[in-house]
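What follows is each chain in one-letter form.
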Amino acid sequence: MSAALHAGANAPRSDRPAVPAVFAAPGESVARIDLVLVGARGQVGSALRRQLDRRRHWLREHTGVDYTLLAAFDRRGFAHDLQGLQLESFEQDLQPRRDNDLELLLARLTRPGAAPAVFIDCTASDEVADWYPRLLSGGVGVVGANKRANARSLSHFHELQRLSRRHGAPYRYETTVGAAIPVLGPIRDVRLRGETIRSLQGVLSGSLSHILHRLHEGCLFSDAVAEASALGLTEPDPFEDLRAEDLARKLLVLGREAGFALELESVAIESLVDDANDASGTLRERLRAQDARWQARISEALGRGERLVMVAQVDADGGRVGIQSLPVASPFAQLKPGENLVLVHTDLQATTPLALGGKGAGAEITAAGVFSDIVAAANQLLRR
Ligand SMILES: NC(=O)c1ccc[n+]([C@@H]2O[C@H](COP(=O)([O-])OP(=O)(O)OC[C@H]3O[C@@H](n4cnc5c(N)ncnc54)[C@H](OP(=O)(O)O)[C@@H]3O)[C@@H](O)[C@H]2O)c1
(Lines give C-alpha, C1' and ligand atoms only; values in the text may rest on other atoms or scores of the structure.)
Protein backbone atom coordinates (compact mmCIF):
# COMPACT_ATOMS: atom_id res chain seq x y z
CA MET A 1 0.00 0.00 0.00
CA SER A 2 2.60 2.54 1.08
CA ALA A 3 4.88 1.96 -1.91
CA ALA A 4 2.05 3.06 -4.17
CA LEU A 5 2.26 6.51 -2.63
CA HIS A 6 5.55 6.97 -4.48
CA ALA A 7 4.13 5.79 -7.79
CA GLY A 8 1.95 7.49 -10.38
CA ALA A 9 3.13 10.66 -12.07
CA ASN A 10 0.99 13.78 -11.74
CA ALA A 11 0.39 16.10 -14.64
CA PRO A 12 3.03 18.84 -14.77
CA ARG A 13 1.66 22.26 -13.89
CA SER A 14 1.82 23.48 -17.52
CA ASP A 15 -0.50 20.61 -18.58
CA ARG A 16 -3.30 21.55 -16.22
CA PRO A 17 -6.59 22.59 -17.76
CA ALA A 18 -7.62 26.21 -17.76
CA VAL A 19 -8.57 27.48 -14.32
CA PRO A 20 -12.32 27.79 -13.81
CA ALA A 21 -14.08 30.71 -12.18
CA VAL A 22 -15.74 30.11 -8.80
CA PHE A 23 -19.04 29.65 -10.59
CA ALA A 24 -18.17 28.07 -13.93
CA ALA A 25 -19.90 28.97 -17.19
CA PRO A 26 -21.83 26.08 -18.83
CA GLY A 27 -19.48 23.74 -20.70
CA GLU A 28 -16.35 25.17 -19.08
CA SER A 29 -13.51 22.70 -18.56
CA VAL A 30 -13.19 20.86 -15.27
CA ALA A 31 -10.00 20.94 -13.18
CA ARG A 32 -9.09 18.27 -10.66
CA ILE A 33 -7.77 18.60 -7.17
CA ASP A 34 -6.45 15.99 -4.73
CA LEU A 35 -8.00 15.85 -1.28
CA VAL A 36 -6.77 14.27 1.94
CA LEU A 37 -9.20 13.99 4.86
CA VAL A 38 -8.03 13.53 8.46
CA GLY A 39 -10.61 12.70 11.13
CA ALA A 40 -12.63 10.92 8.44
CA ARG A 41 -14.88 9.00 10.85
CA GLY A 42 -15.49 11.81 13.34
CA GLN A 43 -18.77 13.75 13.45
CA VAL A 44 -17.63 16.54 11.12
CA GLY A 45 -15.46 14.25 8.96
CA SER A 46 -18.35 11.83 8.38
CA ALA A 47 -20.77 14.65 7.51
CA LEU A 48 -18.19 16.09 5.12
CA ARG A 49 -17.75 12.73 3.38
CA ARG A 50 -21.50 12.57 2.81
CA GLN A 51 -21.59 16.12 1.46
CA LEU A 52 -18.61 15.59 -0.85
CA ASP A 53 -20.23 12.47 -2.23
CA ARG A 54 -23.68 14.02 -2.63
CA ARG A 55 -22.39 17.24 -4.23
CA ARG A 56 -19.69 15.90 -6.56
CA HIS A 57 -21.84 16.49 -9.63
CA TRP A 58 -22.94 19.93 -8.36
CA LEU A 59 -19.30 20.85 -7.74
CA ARG A 60 -18.27 19.91 -11.27
CA GLU A 61 -21.24 21.68 -12.86
CA HIS A 62 -21.16 24.88 -10.87
CA THR A 63 -17.55 25.45 -9.90
CA GLY A 64 -15.66 23.44 -12.53
CA VAL A 65 -13.79 21.55 -9.81
CA ASP A 66 -13.64 17.79 -9.44
CA TYR A 67 -11.67 15.96 -6.78
CA THR A 68 -9.78 12.77 -6.11
CA LEU A 69 -9.93 11.68 -2.47
CA LEU A 70 -6.35 10.46 -2.27
CA ALA A 71 -6.36 9.45 1.39
CA ALA A 72 -8.65 9.44 4.42
CA PHE A 73 -7.63 8.43 7.90
CA ASP A 74 -7.84 8.85 11.65
CA ARG A 75 -5.79 7.44 14.53
CA ARG A 76 -7.18 3.97 14.06
CA GLY A 77 -7.10 3.47 10.31
CA PHE A 78 -5.57 4.72 7.06
CA ALA A 79 -6.95 4.36 3.53
CA HIS A 80 -5.51 5.63 0.29
CA ASP A 81 -5.93 5.10 -3.42
CA LEU A 82 -4.17 7.11 -6.11
CA GLN A 83 -7.22 6.66 -8.35
CA GLY A 84 -9.46 8.06 -5.60
CA LEU A 85 -11.22 6.43 -2.67
CA GLN A 86 -14.93 5.75 -2.99
CA LEU A 87 -16.57 7.91 -0.34
CA GLU A 88 -19.48 5.64 0.38
CA SER A 89 -17.33 2.52 0.85
CA PHE A 90 -14.07 4.00 2.10
CA GLU A 91 -14.31 2.21 5.46
CA GLN A 92 -13.71 -1.09 3.63
CA ASP A 93 -10.37 0.31 2.41
CA LEU A 94 -9.19 1.24 5.89
CA GLN A 95 -6.12 -0.59 7.15
CA PRO A 96 -4.53 -0.24 10.57
CA ARG A 97 -2.15 2.74 10.43
CA ARG A 98 1.51 1.88 9.84
CA ASP A 99 4.45 3.94 10.99
CA ASN A 100 5.47 5.27 7.58
CA ASP A 101 2.03 5.77 5.98
CA LEU A 102 1.83 9.36 7.01
CA GLU A 103 5.40 10.23 6.14
CA LEU A 104 4.98 8.78 2.65
CA LEU A 105 1.73 10.67 2.18
CA LEU A 106 3.23 14.01 3.27
CA ALA A 107 6.26 13.42 1.03
CA ARG A 108 3.99 12.71 -1.91
CA LEU A 109 1.80 15.76 -1.37
CA THR A 110 4.74 18.16 -1.01
CA ARG A 111 7.13 16.87 -3.68
CA PRO A 112 8.01 19.28 -6.51
CA GLY A 113 5.50 19.11 -9.37
CA ALA A 114 2.83 17.39 -7.25
CA ALA A 115 -0.80 17.89 -8.28
CA PRO A 116 -2.65 20.66 -6.42
CA ALA A 117 -3.91 19.26 -3.15
CA VAL A 118 -5.97 20.30 -0.13
CA PHE A 119 -5.36 18.72 3.26
CA ILE A 120 -8.54 18.77 5.38
CA ASP A 121 -8.19 18.58 9.16
CA CYS A 122 -11.41 17.50 10.93
CA THR A 123 -9.69 16.63 14.20
CA ALA A 124 -9.01 18.59 17.38
CA SER A 125 -5.46 17.24 17.43
CA ASP A 126 -2.22 19.06 18.16
CA GLU A 127 -0.33 16.30 16.37
CA VAL A 128 -2.20 17.02 13.13
CA ALA A 129 -1.74 20.79 13.59
CA ASP A 130 2.02 20.12 13.73
CA TRP A 131 1.96 19.16 10.04
CA TYR A 132 0.61 22.49 8.76
CA PRO A 133 3.98 24.30 8.33
CA ARG A 134 5.35 21.45 6.26
CA LEU A 135 2.19 21.21 4.15
CA LEU A 136 1.98 24.95 3.49
CA SER A 137 5.73 25.13 2.72
CA GLY A 138 5.19 22.36 0.18
CA GLY A 139 2.39 24.34 -1.51
CA VAL A 140 -0.43 22.16 -0.14
CA GLY A 141 -3.64 23.95 0.82
CA VAL A 142 -4.80 23.41 4.41
CA VAL A 143 -8.45 23.59 5.46
CA GLY A 144 -9.01 23.11 9.17
CA ALA A 145 -11.98 22.81 11.51
CA ASN A 146 -9.27 22.32 14.13
CA LYS A 147 -8.40 25.51 16.02
CA ARG A 148 -5.25 24.13 17.70
CA ALA A 149 -2.72 25.55 15.22
CA ASN A 150 -4.06 29.10 15.31
CA ALA A 151 -4.38 29.05 19.10
CA ARG A 152 -0.66 28.51 19.66
CA SER A 153 1.67 31.48 20.05
CA LEU A 154 0.97 34.64 18.08
CA SER A 155 4.29 34.17 16.26
CA HIS A 156 3.14 30.70 15.12
CA PHE A 157 -0.15 32.19 13.88
CA HIS A 158 1.80 34.77 11.86
CA GLU A 159 4.22 32.13 10.59
CA LEU A 160 1.36 30.05 9.16
CA GLN A 161 -0.04 33.13 7.40
CA ARG A 162 3.43 33.93 6.05
CA LEU A 163 3.98 30.37 4.75
CA SER A 164 0.57 30.42 3.11
CA ARG A 165 1.36 33.67 1.26
CA ARG A 166 4.93 32.79 0.40
CA HIS A 167 4.12 29.38 -1.10
CA GLY A 168 0.74 30.29 -2.61
CA ALA A 169 -0.88 27.63 -0.41
CA PRO A 170 -4.39 28.53 0.76
CA TYR A 171 -4.90 28.29 4.52
CA ARG A 172 -8.55 28.44 5.53
CA TYR A 173 -10.14 27.83 8.94
CA GLU A 174 -13.51 29.65 8.87
CA THR A 175 -15.28 26.90 10.86
CA THR A 176 -12.94 27.19 13.85
CA VAL A 177 -15.10 30.09 15.10
CA GLY A 178 -18.89 30.01 14.77
CA ALA A 179 -18.97 26.82 12.65
CA ALA A 180 -20.42 27.76 9.22
CA ILE A 181 -21.32 31.38 10.12
CA PRO A 182 -19.01 33.58 8.02
CA VAL A 183 -17.15 35.38 10.81
CA LEU A 184 -13.44 35.33 10.04
CA GLY A 185 -13.90 36.16 6.33
CA PRO A 186 -15.94 39.34 6.94
CA ILE A 187 -13.51 40.42 9.68
CA ARG A 188 -10.62 39.99 7.24
CA ASP A 189 -12.54 41.96 4.58
CA VAL A 190 -13.21 44.80 7.01
CA ARG A 191 -9.49 45.04 7.78
CA LEU A 192 -8.48 44.75 4.13
CA ARG A 193 -10.40 47.94 3.34
CA GLY A 194 -8.38 49.77 5.98
CA GLU A 195 -11.03 49.81 8.70
CA THR A 196 -9.77 49.31 12.26
CA ILE A 197 -11.57 46.88 14.56
CA ARG A 198 -11.94 48.46 18.01
CA SER A 199 -13.60 45.59 19.84
CA LEU A 200 -15.36 42.27 19.43
CA GLN A 201 -17.89 40.57 21.68
CA GLY A 202 -19.29 37.14 21.01
CA VAL A 203 -21.35 34.25 22.27
CA LEU A 204 -19.39 31.42 20.73
CA SER A 205 -19.77 28.26 22.80
CA GLY A 206 -22.63 25.91 21.95
CA SER A 207 -22.09 23.74 25.02
CA LEU A 208 -21.87 26.60 27.55
CA SER A 209 -24.87 28.41 26.00
CA HIS A 210 -26.93 25.23 26.24
CA ILE A 211 -25.99 24.69 29.89
CA LEU A 212 -26.74 28.31 30.87
CA HIS A 213 -30.03 28.23 28.95
CA ARG A 214 -31.15 25.16 30.92
CA LEU A 215 -30.10 26.76 34.23
CA HIS A 216 -32.45 29.68 33.54
CA GLU A 217 -35.24 27.13 32.99
CA GLY A 218 -34.68 25.81 36.52
CA CYS A 219 -32.45 22.84 35.73
CA LEU A 220 -29.72 21.95 38.24
CA PHE A 221 -26.15 22.62 37.09
CA SER A 222 -25.17 18.93 37.33
CA ASP A 223 -28.25 17.87 35.31
CA ALA A 224 -27.71 20.56 32.67
CA VAL A 225 -24.10 19.45 32.16
CA ALA A 226 -25.11 15.77 32.02
CA GLU A 227 -27.77 16.65 29.44
CA ALA A 228 -25.32 18.64 27.28
CA SER A 229 -22.90 15.75 27.48
CA ALA A 230 -25.58 13.22 26.45
CA LEU A 231 -26.44 15.45 23.46
CA GLY A 232 -22.79 15.27 22.33
CA LEU A 233 -22.28 19.00 22.92
CA THR A 234 -19.37 18.67 25.34
CA GLU A 235 -15.98 17.00 25.32
CA PRO A 236 -15.94 13.52 26.90
CA ASP A 237 -14.66 15.27 30.06
CA PRO A 238 -17.15 18.17 30.36
CA PHE A 239 -14.79 20.00 32.73
CA GLU A 240 -12.76 20.86 29.61
CA ASP A 241 -15.74 22.90 28.39
CA LEU A 242 -16.59 24.24 31.83
CA ARG A 243 -13.09 25.67 32.29
CA ALA A 244 -13.82 27.71 29.12
CA GLU A 245 -10.38 27.03 27.66
CA ASP A 246 -11.82 26.00 24.30
CA LEU A 247 -13.79 29.24 24.23
CA ALA A 248 -10.59 31.15 25.01
CA ARG A 249 -8.95 29.45 22.00
CA LYS A 250 -11.83 30.62 19.80
CA LEU A 251 -11.33 34.14 21.10
CA LEU A 252 -7.63 33.93 20.25
CA VAL A 253 -8.39 33.00 16.64
CA LEU A 254 -11.11 35.64 16.35
CA GLY A 255 -9.06 38.36 18.04
CA ARG A 256 -5.91 37.66 16.04
CA GLU A 257 -7.87 37.73 12.79
CA ALA A 258 -9.16 41.13 13.88
CA GLY A 259 -5.61 42.40 14.45
CA PHE A 260 -5.27 42.05 18.25
CA ALA A 261 -1.91 40.75 19.48
CA LEU A 262 -3.39 38.15 21.85
CA GLU A 263 -1.62 35.32 23.65
CA LEU A 264 -3.54 32.59 25.52
CA GLU A 265 -1.78 33.38 28.80
CA SER A 266 -3.02 36.96 28.67
CA VAL A 267 -6.71 36.08 28.19
CA ALA A 268 -8.63 36.40 31.48
CA ILE A 269 -10.75 33.25 31.75
CA GLU A 270 -13.65 32.79 34.16
CA SER A 271 -14.33 29.08 34.64
CA LEU A 272 -17.91 27.91 35.21
CA VAL A 273 -16.64 25.64 37.99
CA ASP A 274 -14.74 26.89 41.01
CA ASP A 275 -12.71 23.70 41.60
CA ALA A 276 -11.85 22.83 38.02
CA ASN A 277 -8.55 21.22 38.95
CA ASP A 278 -9.91 19.17 41.87
CA ALA A 279 -10.41 15.73 40.37
CA SER A 280 -11.51 14.01 43.61
CA GLY A 281 -14.89 12.26 43.60
CA THR A 282 -16.91 11.03 40.63
CA LEU A 283 -17.72 13.37 37.79
CA ARG A 284 -21.33 13.58 38.98
CA GLU A 285 -20.24 14.42 42.55
CA ARG A 286 -17.90 17.14 41.30
CA LEU A 287 -20.74 18.62 39.26
CA ARG A 288 -23.26 18.39 42.11
CA ALA A 289 -20.87 20.38 44.28
CA GLN A 290 -21.59 23.33 41.95
CA ASP A 291 -25.41 23.10 42.04
CA ALA A 292 -26.19 25.39 44.99
CA ARG A 293 -23.82 28.16 43.87
CA TRP A 294 -25.39 28.20 40.41
CA GLN A 295 -28.95 28.15 41.73
CA ALA A 296 -28.16 31.25 43.78
CA ARG A 297 -26.41 33.01 40.88
CA ILE A 298 -29.27 32.36 38.45
CA SER A 299 -32.01 33.43 40.85
CA GLU A 300 -30.14 36.68 41.63
CA ALA A 301 -29.83 37.46 37.92
CA LEU A 302 -33.48 36.67 37.21
CA GLY A 303 -34.44 38.84 40.19
CA ARG A 304 -32.69 41.78 38.49
CA GLY A 305 -34.54 41.05 35.22
CA GLU A 306 -31.30 39.79 33.67
CA ARG A 307 -29.80 36.60 32.26
CA LEU A 308 -26.31 35.18 32.64
CA VAL A 309 -24.46 34.80 29.34
CA MET A 310 -20.95 33.50 28.61
CA VAL A 311 -19.30 36.23 26.55
CA ALA A 312 -15.89 36.29 24.90
CA GLN A 313 -14.56 39.75 24.16
CA VAL A 314 -11.46 41.59 23.09
CA ASP A 315 -10.55 45.25 22.91
CA ALA A 316 -7.53 47.47 23.58
CA ASP A 317 -7.48 46.21 27.20
CA GLY A 318 -7.01 42.57 26.11
CA GLY A 319 -9.10 39.40 25.91
CA ARG A 320 -11.66 38.19 28.44
CA VAL A 321 -13.94 35.17 28.61
CA GLY A 322 -16.55 35.14 31.34
CA ILE A 323 -20.11 35.34 32.57
CA GLN A 324 -21.97 38.61 32.06
CA SER A 325 -25.34 39.47 33.58
CA LEU A 326 -27.31 41.15 30.77
CA PRO A 327 -30.82 42.61 30.41
CA VAL A 328 -33.16 39.98 28.94
CA ALA A 329 -33.76 42.17 25.88
CA SER A 330 -30.07 42.38 24.94
CA PRO A 331 -29.06 40.56 21.71
CA PHE A 332 -26.80 38.08 23.54
CA ALA A 333 -29.46 37.22 26.16
CA GLN A 334 -32.02 36.62 23.40
CA LEU A 335 -30.00 33.88 21.69
CA LYS A 336 -31.37 30.33 21.60
CA PRO A 337 -29.12 27.41 22.54
CA GLY A 338 -26.79 26.57 19.66
CA GLU A 339 -26.89 30.09 18.23
CA ASN A 340 -23.73 32.19 18.04
CA LEU A 341 -23.43 35.94 17.61
CA VAL A 342 -20.38 38.16 17.15
CA LEU A 343 -20.64 41.96 17.36
CA VAL A 344 -17.80 43.83 15.65
CA HIS A 345 -17.19 47.49 16.53
CA THR A 346 -14.97 49.32 14.07
CA ASP A 347 -13.97 52.95 13.59
CA LEU A 348 -16.70 53.26 10.92
CA GLN A 349 -19.24 51.01 12.67
CA ALA A 350 -18.95 52.20 16.25
CA THR A 351 -22.55 52.76 17.32
CA THR A 352 -24.22 50.06 15.19
CA PRO A 353 -21.81 47.14 15.19
CA LEU A 354 -21.47 44.62 12.40
CA ALA A 355 -23.48 41.60 13.63
CA LEU A 356 -22.57 38.11 12.45
CA GLY A 357 -24.79 35.33 13.75
CA GLY A 358 -26.61 32.05 13.20
CA LYS A 359 -26.32 28.37 14.04
CA GLY A 360 -22.91 27.96 15.62
CA ALA A 361 -22.53 24.21 16.10
CA GLY A 362 -23.49 20.86 14.64
CA ALA A 363 -21.63 18.41 12.43
CA GLU A 364 -23.68 18.98 9.23
CA ILE A 365 -23.48 22.76 9.27
CA THR A 366 -19.80 22.69 10.24
CA ALA A 367 -19.06 20.27 7.40
CA ALA A 368 -20.86 22.68 5.04
CA GLY A 369 -18.49 25.42 6.19
CA VAL A 370 -15.51 23.13 5.61
CA PHE A 371 -16.91 22.40 2.14
CA SER A 372 -16.96 26.16 1.35
CA ASP A 373 -13.34 26.44 2.45
CA ILE A 374 -12.37 23.49 0.23
CA VAL A 375 -14.00 25.10 -2.81
CA ALA A 376 -12.27 28.43 -2.11
CA ALA A 377 -8.92 26.69 -1.53
CA ALA A 378 -9.30 24.64 -4.72
CA ASN A 379 -9.99 27.75 -6.76
CA GLN A 380 -6.98 29.53 -5.30
CA LEU A 381 -4.70 26.55 -5.98
CA LEU A 382 -5.94 26.11 -9.53
CA ARG A 383 -5.22 29.78 -10.26
CA ARG A 384 -1.61 29.58 -9.07
N1 LIG B 1 -18.98 19.09 16.00
C2 LIG B 1 -19.19 20.41 15.85
O3 LIG B 1 -20.34 20.91 15.93
C4 LIG B 1 -18.05 21.33 15.52
C5 LIG B 1 -18.30 22.69 15.23
C6 LIG B 1 -17.22 23.54 14.89
C7 LIG B 1 -15.93 23.02 14.88
N8 LIG B 1 -15.72 21.71 15.22
C9 LIG B 1 -14.34 21.22 15.24
O10 LIG B 1 -14.21 20.18 14.28
C11 LIG B 1 -13.23 19.25 14.73
C12 LIG B 1 -13.83 17.84 14.71
O13 LIG B 1 -14.92 17.81 15.60
P14 LIG B 1 -15.84 16.47 15.74
O15 LIG B 1 -17.01 16.89 16.54
O16 LIG B 1 -16.03 15.86 14.40
O17 LIG B 1 -14.86 15.54 16.63
P18 LIG B 1 -14.89 13.96 16.75
O19 LIG B 1 -16.22 13.40 16.40
O20 LIG B 1 -14.30 13.66 18.08
O21 LIG B 1 -13.87 13.47 15.63
C22 LIG B 1 -12.50 13.70 15.71
C23 LIG B 1 -11.79 12.83 14.70
O24 LIG B 1 -10.40 13.17 14.73
C25 LIG B 1 -9.64 11.97 14.70
N26 LIG B 1 -8.32 12.20 15.27
C27 LIG B 1 -8.03 12.66 16.51
N28 LIG B 1 -6.68 12.74 16.66
C29 LIG B 1 -6.13 12.32 15.50
C30 LIG B 1 -4.80 12.17 15.03
N31 LIG B 1 -3.76 12.49 15.82
N32 LIG B 1 -4.60 11.72 13.78
C33 LIG B 1 -5.65 11.39 12.97
N34 LIG B 1 -6.93 11.50 13.36
C35 LIG B 1 -7.17 11.97 14.61
C36 LIG B 1 -10.47 10.99 15.49
O37 LIG B 1 -10.08 9.70 15.18
P38 LIG B 1 -10.06 8.50 16.25
O39 LIG B 1 -11.51 8.20 16.51
O40 LIG B 1 -9.32 7.41 15.56
O41 LIG B 1 -9.36 9.02 17.47
C42 LIG B 1 -11.87 11.33 14.94
O43 LIG B 1 -12.07 10.72 13.68
C44 LIG B 1 -12.80 19.72 16.13
O45 LIG B 1 -11.61 20.49 16.03
C46 LIG B 1 -13.96 20.60 16.57
O47 LIG B 1 -13.57 21.59 17.51
C48 LIG B 1 -16.73 20.86 15.52
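Since this is a predicted model, take the numbers as computed values, not measurements. (Residues numbered from 1 in each chain as written. Predicted model: local features only at pLDDT ≥ 70, side-chain atom pairs only at ≥ 80, totals over all residues. Heavy atoms only, no water.)

Along the backbone of the protein chain there are 15 helices and 13 strands. Since a compact globule built from 384 residues should have a radius of gyration of about 21 Å, the 22 Å found for the protein chain is in line with a globular shape. Dimensions along the principal axes, computed over C-alpha positions, put the protein chain at roughly 70 × 50 × 40 Å. The 384 residues of the protein chain split such that 52% are buried. Counting contacts in the protein chain only where the partners sit at least 6 residues apart, residues at least 24 apart contribute 67% of the total. Of the roughly 16,900 Å² that the protein chain leaves accessible, carbon and sulfur atoms contribute 51%. (Helix = DSSP H or I, 4+ residues; strand = E, 2+ residues; numbered from the N terminus. Rg over C-alpha atoms; globule rule 2.2 N^0.38 Å. Buried < 20%, exposed > 50% of the residue type's maximum accessible area, 1.4 Å probe, protein only. Contact = heavy atoms within 4.5 Å. Areas by Shrake-Rupley, 256 points an atom, 1.4 Å probe, with all protein chains shown as cover.)

Aromatic rings considered in pairs are described by the distance between their centres and by the relative angle of their planes. All told, the structure shown has six aromatic pairs when counted by the stated rule. With 6.0 Å between their ring centres and 85° between their planes, Phe119 and Trp131 make a pair best called edge-to-face. Here Phe119 is found in strand S5 (residues 117–121), whereas its partner Trp131 is found in the loop between helix H5 (126–129) and helix H6 (132–137), with twelve residues between them in sequence. By relative accessible area, Phe119 is classed as buried at 0%. (Phe/Tyr/Trp six-rings, centres within 6.5 Å; stacked < 30°, edge-to-face > 60°.)

Inspection of the secondary structure assignment puts His210 in helix H9 (residues 206–216). A polar contact of 3.0 Å, which involves the side chain of His210, links it to the side chain of Glu227. Residues in contact with His210, not counting those within four places in the same chain, are Glu227, Ala228, Leu231, Leu233 and Pro337. (Polar contact = N/O pair within 3.5 Å; in protein donor to acceptor, adjacent residues only side chain to side chain.)

The next subject is the domain arrangement of the protein chain. Here the protein chain is described as being made up of domain 1 (2–179 + 365–382) and domain 2 (189–360). For domain 1 and domain 2, the distance between their C-alpha centroids amounts to 31 Å. Contact with domain 1, which involves 15 residues of that partner, is made by 16 residues of domain 2. Roughly 1,300 Å² of surface becomes buried between domain 1 and domain 2 when both sides are summed, with 63% attributable to carbon and sulfur atoms. Of all residues in domain 1, Lys147, Leu154 and Val177 give up the largest surface area on contact with domain 2, accounting jointly for 40% of the area buried on that side. Run the count over domain 1 and domain 2 and you get one salt bridge. Put simply, Asp246 and Lys147 hold a salt bridge, and the shortest N to O gap is 3.1 Å. Taken together, domain 1 and domain 2 are joined by five residue pairs in polar contact (both at pLDDT 80 or more). (Domains from an automatic or database assignment. Buried area = accessible area lost by both parts, 1.4 Å probe. Salt bridge = Lys/Arg side-chain N within 4 Å of Asp/Glu carboxyl O.)

Next up on the list: empty space enclosed by the protein. Inspection of the entire model under this criterion finds three cavities of 30 Å³ or more. By volume, the largest cavity amounts to about 150 Å³. If you trace the largest cavity, you find 15 residues lining it, with Ser209, Leu308, Val309, Phe332 and Leu335 closest to the centre. Counting residues per element, the ones that place at least two in the lining of the largest cavity are H9 and strand S10 (306–315). Residue composition of the lining of the largest cavity, grouped by class: nine nonpolar, three polar and three charged. (1 Å grid on protein atoms, 1.4 Å probe; cavity = no way out; pocket = protein on both sides within 12 Å on 5 of 7 lines; lining within 4 Å. Points joined across faces, edges and corners; volume = space filled by probe spheres on them. Nonpolar A, V, L, I, M, F, W, Y, C, P; charged D, E, K, R; others polar.)

Glancing now at the site of the ligand. Around the ligand lies a shell of 24 residues, among which Val44, Arg75, Thr123, Glu127 and Gly362 are the nearest. A distance of 3.4 Å separates an oxygen atom of the ligand from a polar backbone atom of Ala145. Gly362 has a polar backbone atom sitting 2.8 Å from an oxygen atom of the ligand. Summarising the interface, the protein chains cover 78% of the accessible area of the ligand, which totals 900 Å² for the free molecule. If you list the elements that add at least two residues to the shell around the ligand, you get helix H1 (43–54), H5 and helix H15 (363–382). When its residues are assigned to classes, the shell around the ligand shows eight nonpolar, nine polar and seven charged. (Near = heavy atom within 4 Å.)

Tracing the sequence through the fold places Gly168 in the loop between helix H7 (154–166) and strand S7 (171–172). In this structure the C-alpha to C-alpha distance between Gly168 and Arg384, which are 216 residues apart in sequence, comes to 6.9 Å. For Gly168, the contacting residues outside a window of four places in its chain are Gln380, Leu381 and Arg384.

In this section: the sheet that holds S7. Here we have seven strands laid out as an open sheet, ordered S4-S3-S2-S1-S5-S6-S7, and mixed in their pairing. Lying at the two open borders of the sheet, with one neighbouring strand each, are strand S4 (95–96) and S7. Across four bridges, the pairing between S5 and strand S6 (residues 141–144) is parallel. Looking at the pairing, Phe119 lines up with Val142 of S6. Set on the sheet, helix H2 (residues 56–63) makes contact with strand S1 (31–38) and strand S2 (65–73); between it and S2 the angle comes to about 140°. (Pairing = 2+ DSSP bridges. Axes fitted to C-alpha atoms, helices over the stretch in contact; angles between N-to-C directions.)

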